[in-house]
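Close look at the chain arrangement
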Amino acid sequence: MTSMLQAPHWEHFEHGADIGIRGVGATLEQAFAQAALAMTAVITEPGNVASVRSVLIECQAPDAELLFLGWINELIYQMAVQNLLFGQYQVTILDNRLTATAVGESVDQQKHQPAVEIKGATFTELKVAQREDGAWLAQCVVDV
Amino acid sequence: MDIQQLIQRDETCWEIQSHGAMRVPAVIYADASLLRDMDQKVYEQITNVASLPGIVEAAYAMPDAHWGYGFPIGGVAAFDPDQGGVVSAGGVGFDISCGVRTLHTGLQLADVRPYKQQLADALYKAIPAGVGSKGRIHLNHDLMHGMLTGGAQWALEQGWGEDSDLERMEEGGRMVGAVASYVSPKARERQKDEMGTLGSGNHYLEVQRVAEVYDQHVANVFGLRVDDVVISIHCGSRGLGHQIGTEFLRDMAIAASQYRIDLPDRELACAPLTSPLGKQYLGAMRAAINCALANRQIITHLTRDAVKTVFPGVHLGLLYDVSHNTCKLEQHAINGQKKALFVHRKGATRAFGPGHPDLPAVFRQVGQPMLIGGSMGTSSYVLCGTQESEKRAFNSACHGAGRAMSRHQATKQWQGSALVDDLADRGIIIRSPSLRGVAEEAPGAYKDVSVVVDVADRAGLARKVAQLEPLICIKG
């Protein structure tokens, strides 16, 4: 049974100049997806992003932390070049290979009031680990 | 920061003596109050910087230093390639060559006051700002190559500027040693529609008045009088620089063990200056410096066109353009001998003193103009480099106020619309695509830039020339 603590959720954590994104879930995939929602929330309200377009994301890395960094950086890249915001994520991870779909719509400055552009995911506070309660956590600070 | 951990060398200079893995001491320029308010992370990070291979003399933190990535923001360090010195992607940061340029308008406050709303609207319409904004320029392969290798010189060749602009930029507007082939397809893709855009976050275009002059002689050379109206542009190398930073940070972190570099923090990811990876990063980073110079040049052109719609016949001349996040090869005296060093300035400004051979003739007698950005509702400052600053920190000084509060705290404390109204009551017009962005960038979320600048002046890092006050701010 999934406890309240393990229920998928995202949050931000404090950093002096920028902002930390954190995802928690019963699985590594959920934690990655929740952290991506936390990233969207740095820019705009995730619930206000319509599901209009779907983008396939693939990346791999030598370890889970670098995979997380690669995942967030790939989303930042896709948002930048396709002028998109994402409000939903489905993630599959196998042997440090990630396949995902990110679903969203084009940036509309009036509708989304996007606060800030994300430059990149950083190694600061980078952590991918299973907590004592069994929940997975994925986090890092993003440079805005 | 715990002040007890430091040895005070003079009123504004504090030393962390070499210990543990440190190869050199670390030096922080601050007064006691700035130091007490500084993140403890600055102590940790500048200590880590001092442990990197080939570092020369000391690792420095400027008065506006705060918690960054690997290096603190406001961190300065020089590395000797002959002593195993390194180049660090984390020591330059994601926003490569983010910087400020200031333009004279030839107008006085009394000329502009009746047309402020019109001018704000014209600038906001002309300069793409905020998340998802694209420029009107599309770079194909050849144009991209020209931009990456030619910087502002390329922008001029495309018709976006005047010849006289180039002599008033670091490197004459073109960073030599850029290697376009080291810039990845992804970095190019991220940039192809972003030329001439301001970006978001702390980037802005600001119309300002000269509120006070501290050094009349230097202000005359810089062409600044009280109540003159100037325009300052703060932005960087946009998506291209961010992508280069992202890619090389990862590659250097993975390759560190191969180079037998023991990283105390992965964000200090670096490679020997003489290694293939080090050379690739230098080539790509220099291309990103060119991107930033070209970007600020194109925005200058757009600004000139916009101002002319309100003030026909007005000519905008460049005062100077400075970069913040760079690693540059410079000659500095070490033990009485000139040595070629790679100086990292992350969130710090170069501050060449009088007589420096790299300065344009117009500034050689007085020193390099330094443009210290404010934060929407607060003052900005013009300083100049000093001869003393070479010995103090390889000719470097602060770059701005530095944040004092997180974005989250700022949005809890301020509402964007109320902030815009408050600033309007103070005579400052804000135009921004995002009210939340305005709240996150509230002037109160930053340190007092006046204190930072005073300390830089007292420390001999630079000398105060003039204070600028905002009239209009186009916020990204």
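Residues numbered from 1 in each chain as written. Chains lettered and ligands numbered in written order. Predicted model: local features only at pLDDT ≥ 70, side-chain atom pairs only at ≥ 80, totals over all residues. Heavy atoms only, no water.

Observations regarding the overall build of chain B
Here is the rule: Per the convention used, a helix needs a DSSP run of H or I reaching at least four residues, while a strand needs a run of E reaching at least two, with both numbered from the N terminus. The cut-offs for exposure are 20% and 50% of the maximum accessible area for each residue type, with area from a 1.4 Å probe on protein chains only; residues under the lower value are buried, those over the upper are exposed, and the others partly exposed. Contacts were defined at the residue level, with two residues in contact if any of their heavy atoms lie within 4.5 Å. Only the protein chains shown count as cover for residues, with accessible areas throughout obtained via the Shrake-Rupley method and a probe of 1.4 Å.
The helix and strand tally for chain B stands at 17 helices and 19 strands. Seen through its principal axes, chain B has C-alpha atoms that stretch 60 × 50 × 50 Å. A burial count over chain B gives 67% of its 476 residues as buried. Within chain B, contacts between residues at least 6 apart in sequence are counted, and of these 77% link residues at least 24 apart. On chain B, roughly 15,900 Å² of surface is accessible, and the fraction owed to carbon and sulfur atoms is 47%.

Some details on the environment of I298 of chain B
Residue and element names in this part refer to chain B. Relative to the assigned elements, I298 resides in helix α11 (residues 276-310). Placed 251 residues apart in sequence, I298 and T47 show a C-alpha to C-alpha distance of 39 Å. Those residues in contact with I298 that lie beyond four places of it in its chain are I137, W154, A155, W160, M195 and G196.

As for the interface of chain A and chain B
Rules: Buried area adds together the accessible area that both of two parts lose upon being put together, with accessible area traced by a 1.4 Å probe. Salt bridge, as used here, is a side-chain nitrogen of Lys or Arg placed within 4 Å of a carboxyl oxygen of Asp or Glu.
Taken together, the contact pairs 42 residues of chain A with 43 residues of chain B. Summed over both sides, the interface between chain A and chain B buries roughly 3,500 Å², with carbon and sulfur atoms accounting for 51% of that surface. By the criterion of area lost to chain B, the three top residues of chain A are E117, K119 and F123 of chain A, representing 21% of everything that side buries. Linking chain A with chain B are four salt bridges, by the criterion used here.

As for the sheet that holds strand β5 (residues 97-106) of chain A
Strand pairing within a sheet occurs via backbone hydrogen bonds; the two strands may be parallel or antiparallel. Residue and element names in this part refer to chain A. Heads up, the condition is: If DSSP finds at least two bridges between two strands, the strands pair. Between the N-to-C directions of two axes lies an angle of 0 to 180 degrees, each axis being a line fitted to C-alpha atoms and, for a helix, fitted only over the stretch in contact.
Across the sheet, which stays open at both edges, the three strands sit in the order β3-β5-β4 with antiparallel pairing between neighbours. Every interior strand has two partners, whereas the edge strands, β3 (53-60) and β4 (84-94), have only one. Direction aside, neighbouring strands of the sheet carry axes that sit 20 degrees apart on average. Bridging between β3 and β5 involves eight bridges; their strand directions are antiparallel. The partner of S54 across the bridge, within β5, is V103. Set on the sheet, helix α2 (residues 64-82) makes contact with β3, β4 and β5; between it and β3 the angle comes to about 145 degrees.

A word on the pairing of strand β15 (residues 369-372) of chain B
Residue and element names in this part refer to chain B. What you see with β15 is no split at all: P369 and L371 on one side and M370 and I372 on the other are buried throughout. Here four bridges tie β15 to strand β16 (residues 380-385), and the two strands are oriented antiparallel to one another. From the neighbouring strand, P369 faces β16, where its bridge partner is C384.

Describing the UniProt feature "domain: Archease" (unreviewed entry) in chain A
Defined as follows: UniProt positions are given in the numbering used here, feature names are shortened, and annotations may be inferred rather than shown by experiment.
Within the UniProt annotation, "domain: Archease" (unreviewed entry) is assigned to residues 10-144 of chain A. With 29% helix and 41% strand, the stretch residues 10-144 of chain A has end C-alpha atoms that lie 18 Å from each other.

Observations concerning the confidence of the model for chain A
Note the following rule: A residue's pLDDT is simply how confident the predictor is in it, with values from 0 to 100.
Overall, the predicted model of chain A reaches an average pLDDT of 93, with 96% of residues at or above 70. Mean pLDDT values for the elements of chain A range from 90 in helix α3 (residues 109-112) of chain A up to 98 in β5 of chain A.

Thoughts on the confidence of the model for chain B
When pLDDT is averaged along chain B, the result is 95, and 100% of the positions lie at 70 or above. The ipTM for the predicted assembly is 0.92, set against a pTM of 0.96.

Examining the sheet that holds strand β1 (residues 7-10) of chain B
Residue and element names in this part refer to chain B. Reading across the sheet, the seven strands line up as β1-β2-β3-β4-β5-β13-β12 and stay open at both edges, with mixed pairing between neighbours. At either margin of the open sheet sits one strand with a lone partner, and together these are β1 and β12 (326-334). Going from strand to strand, the sheet's axes swing by 45 degrees on average, the running direction of each strand aside. Docked against the sheet, helix α2 (residues 40-49) engages β2 (13-16), β3 (26-29), β4 (59-69) and β5 (71-79), running at close to 110 degrees with respect to β4.

Regarding the packing of aromatic side chains
Rules: Classification of ring pairs uses Phe, Tyr and Trp, with its six-membered ring standing for Trp, and accepts pairs whose centres are within 6.5 Å; under 30 degrees between planes counts as stacked, over 60 as edge-to-face, and the remaining range as tilted. In this analysis the charged atom, NZ for Lys or CZ for Arg, is taken to sit over a ring once it is within 6 Å of the ring centre and within 35 degrees of the ring normal.
Taken as a whole and judged by the stated rule, the model has 12 aromatic pairs over all chains. With 6.1 Å between their ring centres and 70 degrees between their planes, F86 of chain A and Y89 of chain A make a pair best called edge-to-face. Relative to F311 of chain B, the ring of Y115 of chain B has its centre 5.5 Å away and its plane inclined at 80 degrees; by these criteria the two rings are edge-to-face. In this pair, Y115 of chain B is assigned in the loop between α4 (109-112) and α5 (116-126) and F311 of chain B in the loop between α11 and β11 (317-323), connecting sequence segments 196 residues apart. Three or more aromatic residues joined by ring pairs form one cluster here, namely W71, F86 and Y89 of chain A. Lying over the aromatic face of Y77 of chain A, K186 of chain B brings its terminal NZ or CZ to 4.8 Å of the ring centre.

Here we look at the pattern of salt bridges
Pairing is possible between side chains of opposite charge, provided their charged atoms come close. All names here are of chain B. Inspection of the entire model under this criterion finds 38 salt bridges over all chains. The salt bridge partner of E44 is K41, with a shortest N-O separation of 3.7 Å. Separated by three residues within a single helix, E44 and K41 lie in helix α2, roughly one turn from each other. Residue D454 is joined to K464 by a salt bridge in which the shortest nitrogen-to-oxygen separation is 2.6 Å. Of this pair, D454 sits in helix α17 (residues 449-458) while K464 sits in strand β19 (residues 462-475), and the two are 10 residues apart along the sequence. Accessibility expressed as a relative area gives 30% for D454, which makes it partly exposed. By relative accessible area, K464 is classed as buried at 14%. By sharing partners, the salt bridges in this structure join E170, E171, K328, E330, R345 and R350 into a single network.

Observations concerning the packing of helix α6 (residues 141-157) of chain B against α11 of chain B
Residues and elements named next belong to chain B. Our working definition: Here roughly perpendicular refers to angles of 65 to 115 degrees, roughly parallel to angles under 35, roughly antiparallel to angles over 145, and oblique to all remaining angles. Helix crossings are classified by the rotation of the near helix relative to the far one: an anticlockwise turn of less than a right angle makes the crossing left-handed, while a clockwise turn makes it right-handed. Note on residue classes: Ala, Val, Leu, Ile, Met, Phe, Trp, Tyr, Cys and Pro are nonpolar, Asp, Glu, Lys and Arg are charged, and everything else, Gly too, is polar.
Relative to each other, α6 and α11 sit at 20 degrees, their axes nearing to 7 Å. When the axes of α6 and α11 are compared, the pair comes out roughly parallel. For the pair α6 and α11, the sense of crossing is left-handed. Here M147, L148, T149, G150, G151, A152, W154, A155 and L156 of α6 come into contact with α11, specifically with A287, N290, C291, L293, A294, Q297 and I298. Residues that form the contact of α6 with α11 fall into these classes: 11 nonpolar, five polar and no charged.

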